[in-house]
Amino acid sequence: MPAVSKGDGMRGLAVFISDIRNCKSKEAEIKRINKELANIRSKFKGDKALDGYSKKKYVCKLLFIFLLGHDIDFGHMEAVNLLSSNKYTEKQIGYLFISVLVNSNSDLIRLINNAIKNDLGSRNPTFMNLALHCIANVGSREMAEAFASEIPSILVAGDTMDSVKQSAALCLLRLNRTSADLVPMGEWTARVVHLLNDQHLGVVTAATSLITTLAQKSPDDFKTSISLAVARLSRIVTSASIDLQDYTYYFVAAPWLSVKLLRLLQCYPPPEDAALRSRLTECLETILNKAQEPPKSKKVQHSNAKNAVLFEAISLIIHHDSEPTLLVRACNQLGQFLQHRETNLRYLALESMCTLASSEFSHETVKTHIETVINALKTERDVSVRQRAVDLLYAMCDRSNAKQIVAEMLSYLETADYSIREEIVLKVAILAEKYAVDYTWYVDTILNLIRIAGDYVSEEVWYRVIQIVINREDVQGYAAKTVFEALQAPACHENLVKVGGYILGEFGNLIAGDSRSSPLVQFNLLHSKFHLCSVPTRALLLSAYIKFINLFPEVKATIQDVLRSDSQLRNSDVELQQRAVEYLRLSCIASTDILATVLEEMPPFPERESSILAKLKKKKGPGNLPDIDDARRNVNGSTEHSENTEATKKSSPSLVADLLPTNRPRPASSSPIMRSAGTMGTTHPFTDLLNLNSTPSAGASLLVDVFSESPAPPSVDVCEENFLRFVCKNNGVIFENQLLQIGLKSEYRQNLGRIYVFYGNKTSTQFLSFSTSVASHDLLKTQLNVHAKEVDPLIDGGAQVQQMLNIECVSDFTDAPVLNIQFRYGGTLQNIAVKLPVMLNKFFQPTEMTSQDFFQRWKQLGAPEQEVQKIFKAKHPMDTDVTKAKILGFGVALLDGVDPNPANFVGAGVIHSKCTQVGCLLRLEPNTQAQMYRLTLRTSKDSVSQRLCDLLSEQF
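Residues numbered from 1 in each chain as written. Predicted model: local features only at pLDDT ≥ 70, side-chain atom pairs only at ≥ 80, totals over all residues. Heavy atoms only, no water.

## A short note on the overall build of the protein chain
Phase 1: Scanning the protein chain for helices and strands turns up 40 helices and 17 strands.
Phase 2: When each of the 956 residues of the protein chain is scored for burial, the buried share is 53%.
Phase 3: For the protein chain, restricting intrachain contacts to residue pairs at least 6 apart in sequence, the fraction spanning at least 24 positions comes to 70%.
Phase 4: Surface exposure of the protein chain reaches about 43700 Å², of which carbon and sulfur atoms provide 50%. (Helix = DSSP H or I, 4+ residues; strand = E, 2+ residues; numbered from the N terminus. Buried < 20%, exposed > 50% of the residue type's maximum accessible area, 1.4 Å probe, protein only. Contact = heavy atoms within 4.5 Å. Areas by Shrake-Rupley, 256 points an atom, 1.4 Å probe, with all protein chains shown as cover.)

What follows is the structure, given as structure tokens:
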């Protein structure tokens, strides 16, 4: 770099900065800045031409003022003029100003591009570096279009200096990340691989970063880099620190390059060539050996560099998962870090061992560290490290240590941080079920789980308990006895009451012989909890009471008195009132035989995959669960044995088909009795009660881990959790888990729409091979055209990338497309599916109308098939302003003064599609006294009326 002459000190700039620092107040600073801006403006507009030094000095002052937080609206042209200077310092300041202040939409971009093109063609290495740095810093699409084809030729040219090659490689990397579609893949791609053999390690480091990014996108094009990377890595790890003196960092030879080479090798499977594979194995063994050597320096920089290479090497060993010796050695090395005084090392060791625990070669070695991990769970002060310890215990669990691990998790649960309690509950429930040899232990564990952390026990957990108890006759009596004893505690969690009500309603007769748990005692115990519970739990208890009438005729009168009471027959909740009336009537008119038939014991459930795993997967993020599939891992020498249950009996109708509350919609007019009558002789409506709609598992295990990677493409549950929240809004977060946040920003005009999707990496680790696709079923493809732009295949830790979706509404539609996301995190393939909030109402254009026009049009749309009306109960507080905002967000124009009743809301709009336009009128009538709404929609197309009614009614 040219030396800076003494005259380039810019004394005027130094005086200005000193004046700013000496200002006693913000007002004084602003006053001084305004004075300086006025002076600079007058100099730029003056008749006297400024020399290069003066321009540089004033541009520097403007840059400093901008960095203080003030807007700069002039001086850009002077900065561009500096680019044509032959003095390094003037050109440098010009490029610096442009990189910071000039945006890609500037009118000066063409002049800037011409100046950059001149510098790139000058063959002056200093000027070429400045130009390449500017392109990389701005990184705009316009710059990519102008220079993406020129930079590769500079990179691979034989006469290009090393410093320019470095800059060219990093500039190309930047453009590939911002505008990958504009970077041409030509013959230079084969030549750039050979830069790994370059004598200058700076060039090799920059080239490795570029090749790694390109290999993630097109692995086959860069396969030749494997042998070169291994050869270069071998030379580095076998060299002494003095051999690479310029690139040795605290006695560690080229740590950054080593890490990048190891990361490049993780883009590919283990080498097929035996000699190459052996050489790579030697490199990894050498790295592991060096980790055991005494440190050559006590400084933290030495240990950081050494451990960075070590952890990347372990990541490569885990990625290949093919060398048992290396995997065991890596596990032992990580085990030493579990008690290290450095928190970050303990965290990384636990995280890496979670992955090692799922390998058949290293699982047993990981298990030897169980006491250390349990101790970390108890004593670690950092919550993130404790969470990784929980993950590792979950991953290393098998039948030999399940009881110990579950007991430790339960013990920790009492003092665990609230943010991770739900996750621990799910893991305990999964482990207790999967490794339960004695199902009495399973029942005890789950009841203890509810006692310790009842608020965090989801419905999936207690549903599963019910399913297992019903399916296993040997545990039914014990479950009834245990839950009866648990309910005697003065304070019981509501989830325990649900389990107790269900189990005693089904199997209370098994413990009724003991006077301490007689039928009346059981009933009084359950009913003592009734007034403390929510409406769904009360509904379940009423169903348990009618079961008691069948099991214990001696308590029939007592239960009928309860059902007959005003608090039940005149209950404000329609569900409770309906159950009380129908159950009371049934108990009065039905004979003993009919009652026994209708209230027969629940049949066994068909064996299905556990919904608890789906819940945990949803919480942790798809594909991010440690693999606990014993058939694959084959620990303890043989595949784990699971119990087979009896074949499902032919079921009989049940009065309490909805004994457990589910989220499936039920016709408002139907009642438990009518549903039962309608299902006589058919499959039992309760067989899919636990919302387990998957096909029966192929294996015999009661709990099947369906989330481990397999050759078949994984079936991913489509996330619809936030779908309806976007009916009346266009921006927000549609999906979020511990790895990824997906945000949307949408805009629509007539039949066209555009959605900007923002993918945010919430971790500190890169997402590799990131790709997305939008899927629609055949009918929807004819109704809605969706075109997705390509997305960057690499997302750095903490970074965010954007993707644009263009949408065209061809005709009215009901369903919505699904956005599928796939990427690799920590070597594991992640699959996420999210339902895109593209609804029919998004293509509304609001229409203003007078009262006369509205009612005239209302009468024209009077045919029965054109009108849809729905009366529904308010789900949210009935606030007028909120209701107005939602109707406007829905897309129609809100018409004031049209309806004779000022409390009603009236709207009008037109749905635009490519084929047709559909006019729509709506009227919303709130009844605040009854907390009800009546929504009426009239359109010229019946399917449109129904769809819009369904969407809007869910918002109130």
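## Comments concerning the pattern of salt bridges
Phase 1: This structure, assessed with the given rule, holds 36 salt bridges.
Phase 2: As a salt-bridge pair, Arg-564 and Asp-561 come within 3.3 Å of each other at their nearest N and O atoms. With Arg-564 and Asp-561 both in helix H30 (residues 556-564), this residue pair falls 3 residues apart, about one helical turn.
Phase 3: The closest approach of N and O atoms between Lys-875 and Glu-954, which form a salt bridge, is 2.7 Å. Of this pair, Lys-875 sits in the loop between strand S13 (867-873) and helix H39 (880-890) while Glu-954 sits in the segment after helix H40 (942-953), and the two are 79 residues apart along the sequence. (Salt bridge = Lys/Arg side-chain N within 4 Å of Asp/Glu carboxyl O.)

## Structural notes on unusual backbone geometry
Phase 1: Positioned with a positive phi, Gln-750 is a non-glycine residue whose angle comes to about 55°.
Phase 2: Among the structural elements, Gln-750 can be located in the loop between strand S5 (740-749) and strand S6 (752-761).
Phase 3: Phi is positive for Gln-931, which is not a glycine, with a value near 55°.
Phase 4: You can see Gln-931 is positioned in the loop between strand S16 (917-927) and strand S17 (932-939).

## Overview of the pairing of S5
Phase 1: Pairing between strand S4 (residues 731-736) and S5: 5 bridges, direction antiparallel. In the sheet register, Gly-732 faces S5, and the bridge partner there is Leu-744.
Phase 2: Linking two consecutive strands that pair antiparallel, namely S4 and S5, is a turn of 3 residues.
Phase 3: Two elements, S5 and S6, share 10 bridges in a ladder whose sense is antiparallel. Following the sheet pairing, Gly-743 is matched in S6 by Phe-758.
Phase 4: Count of turn residues in the S5/S6 antiparallel hairpin: 2 residues, of which Gln-750 carries a positive phi of about 55°. (Pairing = 2+ DSSP bridges.)

## Details of the packing of helix H1 (residues 11-21) against helix H3 (residues 52-67)
Phase 1: Following both chains from N to C, one finds H1 and H3 inclined at 20°, their axes separated by 9 Å at the closest point. The orientation of H1 with respect to H3, classified from their angle, is roughly parallel. The crossing of H1 and H3 is right-handed. Contacts from Arg-11, Gly-12, Leu-13, Phe-16, Ile-17 and Ile-20 in H1 reach Tyr-53, Lys-57, Cys-60, Lys-61, Phe-64 and Ile-65 in H3.
Phase 2: Considering only residue class, the contact of H1 with H3 consists of 8 nonpolar, 1 polar and 3 charged. (Axes fitted to C-alpha atoms, helices over the stretch in contact; angles between N-to-C directions. Parallel < 35°, antiparallel > 145°, perpendicular 65-115°, else oblique. Left-handed = near helix turned anticlockwise from the far one by under 90°. Nonpolar A, V, L, I, M, F, W, Y, C, P; charged D, E, K, R; others polar.)

## Overview of the sheet that holds strand S10 (residues 818-825)
Phase 1: In space, the 4 strands of this open sheet follow the order S3-S11-S10-S7, with mixed pairing throughout. Because the sheet does not close on itself, it has two edges, and the strands there are strand S3 (718-719) and strand S7 (768-775).

## Things to note about the nonpolar core
Phase 1: With 191 residues, the main nonpolar core has Ile-116 and Val-192 as its most contacted residues.
Phase 2: The element that contributes the greatest number of residues to this core is helix H24 (residues 439-453), accounting for 10 residues.
Phase 3: Leave out the neighbours within four places in its chain, and Ile-116 touches Tyr-95, Ala-131, Cys-134, Ile-135, Met-143 and Phe-147.
Phase 4: In this structure, Ile-755, Leu-836, Phe-844 and Leu-935 belong to the second largest nonpolar core, which totals 62 residues. (Core = buried A, V, L, I, M, F, W, Y, C linked by side-chain atoms within 4.5 Å.)

## So, a nonpolar patch on the surface
Phase 1: A contiguous nonpolar surface patch, about 260 Å² in accessible area, is contributed by Leu-67, Leu-96 and Val-100.
Phase 2: When you line up the elements, Leu-96 lands in helix H5 (residues 88-101).
Phase 3: Judged by relative accessible area, Leu-96 falls into the partly exposed class, the value being 40%. (Patch = residues over 30% accessible without salt bridge, like charges linked within 9 Å, V, L, I, M, F, W, Y side chains within 5 Å.)

## Quick notes on the packing of aromatic side chains
Phase 1: This structure, assessed with the given rule, holds 22 aromatic pairs.
Phase 2: Measuring from ring centre to ring centre gives 4.9 Å for Phe-523 and Tyr-545, while their planes differ by 70°; the resulting arrangement is edge-to-face. Residue Phe-523 is located in helix H28 (residues 519-530), and its partner Tyr-545 is located in helix H29 (residues 535-551); the two are separated by 22 residues in the primary sequence. Across the pair, Tyr-545 and Phe-523 agree in class, each one buried. (Phe/Tyr/Trp six-rings, centres within 6.5 Å; stacked < 30°, edge-to-face > 60°.)

## Considerations on the confidence of the model for the protein chain
Phase 1: Confidence in the prediction for the protein chain averages 82 pLDDT; 87% of positions are at 70 or higher.
Phase 2: Averaged pLDDT values for the elements of the protein chain fall to 35 in helix H36 (residues 672-678) and rise to 93 in helix H14 (residues 255-265).
Phase 3: Scored below 50 in pLDDT, residues 1-7 shows 5 contacts in the model against residues more than four places distant or in partner chains. (pLDDT = per-residue confidence, 0-100.)

## Concerning H40
Phase 1: Compared with an ideal rise of 1.5 Å per residue, which puts 12 residues at 16 Å, H40 spans 17 Å between its outermost C-alpha atoms and is within 8% of the ideal.
Phase 2: Looking at the buried side of H40, the elements it contacts are strand S12 (844-846), S13, H39, strand S15 (905-912), S16 and S17. (Expected span 1.5 Å × (residues − 1).)

## Digging into the sheet that holds S4
Phase 1: One open sheet holds the 5 strands; their spatial order is S4-S5-S6-S9-S8, and the pairing between them is antiparallel. Edge positions in the sheet fall to S4 and strand S8 (784-788), since each of these pairs with one other strand and no more. When the angles between neighbouring strand axes are averaged without regard to direction, this sheet yields 25°.

## Here we look at helix H7 (residues 125-138)
Phase 1: End to end, H7 covers 20 Å across 14 residues, agreeing with the expected 20 Å (1.5 Å per residue, within 8%).
Phase 2: Counting buried positions over the 14 residues of H7 gives 10, a clear majority of the element.
Phase 3: Elements that come into contact with the buried residues of H7 comprise H5, helix H6 (109-120), helix H8 (141-147), helix H9 (151-156) and helix H10 (162-178).
Phase 4: At the N-terminal boundary of H7, the capping side chain belongs to Asn-124, with an oxygen 3.0 Å from the backbone nitrogen of Thr-126.
Phase 5: Just past H7, the residue Gly-139 takes up positive phi, approximately 60°. (Polar contact = N/O pair within 3.5 Å; in protein donor to acceptor, adjacent residues only side chain to side chain.)

## Digging into the side chain of Glu-408
Phase 1: Looking at the secondary structure, you find Glu-408 in helix H22 (residues 402-413).
Phase 2: Those residues in contact with Glu-408, other than ones at most four positions away along the chain, are Ile-374, Leu-377 and Lys-378.

## Overview of the environment of Lys-729
Phase 1: For Lys-729, the location among the structural elements is in the loop between S3 and S4.
Phase 2: The spacing of Lys-729 and Pro-837 is 108 residues in sequence and 9.7 Å in space, taken between C-alpha atoms.

## Description of the side chain of Thr-537
Phase 1: Summarising the element assignment, Thr-537 is placed in helix H29.
Phase 2: A distance of 2.4 Å separates a polar atom in the side chain of Thr-537 from a polar atom in the side chain of Glu-494.
Phase 3: Other than its neighbours up to four places away in sequence, Thr-537 contacts Glu-494, Val-497 and Lys-498.

## Quick look at the state of the cysteines
Phase 1: Summed over all chains, the structure comprises 0 disulfides.
Phase 2: The thiol sulfur of Cys-134 is not disulfide-bonded, and the nearest other cysteine sulfur, from Cys-171, lies at 9.3 Å.
Phase 3: Judged by its relative accessible area of 1%, Cys-134 falls in the buried class. (Disulfide = S-S within 2.5 Å.)

## With respect to the environment of Phe-770
Phase 1: As for its placement among the helices and strands, Phe-770 is situated in strand S7.
Phase 2: For Phe-770, a relative accessible area of 2% puts it in the buried group.
Phase 3: With 554 residues separating them along the chain, Phe-770 and Gln-216 place their C-alpha atoms 9.0 Å apart.
Phase 4: Not counting the four nearest positions on each side in its chain, Phe-770 is found in contact with Leu-740, Tyr-759, Val-791, Asp-792, Pro-793, Leu-794, Ile-795, Ile-821, Gln-822 and Phe-823.

## Here we look at the packing of H3 against H5
Phase 1: Viewed as axis vectors pointing N to C, H3 and H5 meet at an angle of 30°, and their least axial separation amounts to 10 Å. In terms of their interaxial angle, H3 and H5 are classed as roughly parallel. In this structure, H3 meets H5 at a crossing whose hand is left-handed. Contacts between H3 and H5 involve Gly-52, Tyr-53, Lys-56, Val-59, Cys-60, Leu-62, Leu-63, Phe-66 and Leu-67 from the former and Thr-89, Glu-90, Ile-93, Leu-96, Phe-97, Val-100 and Leu-101 from the latter.

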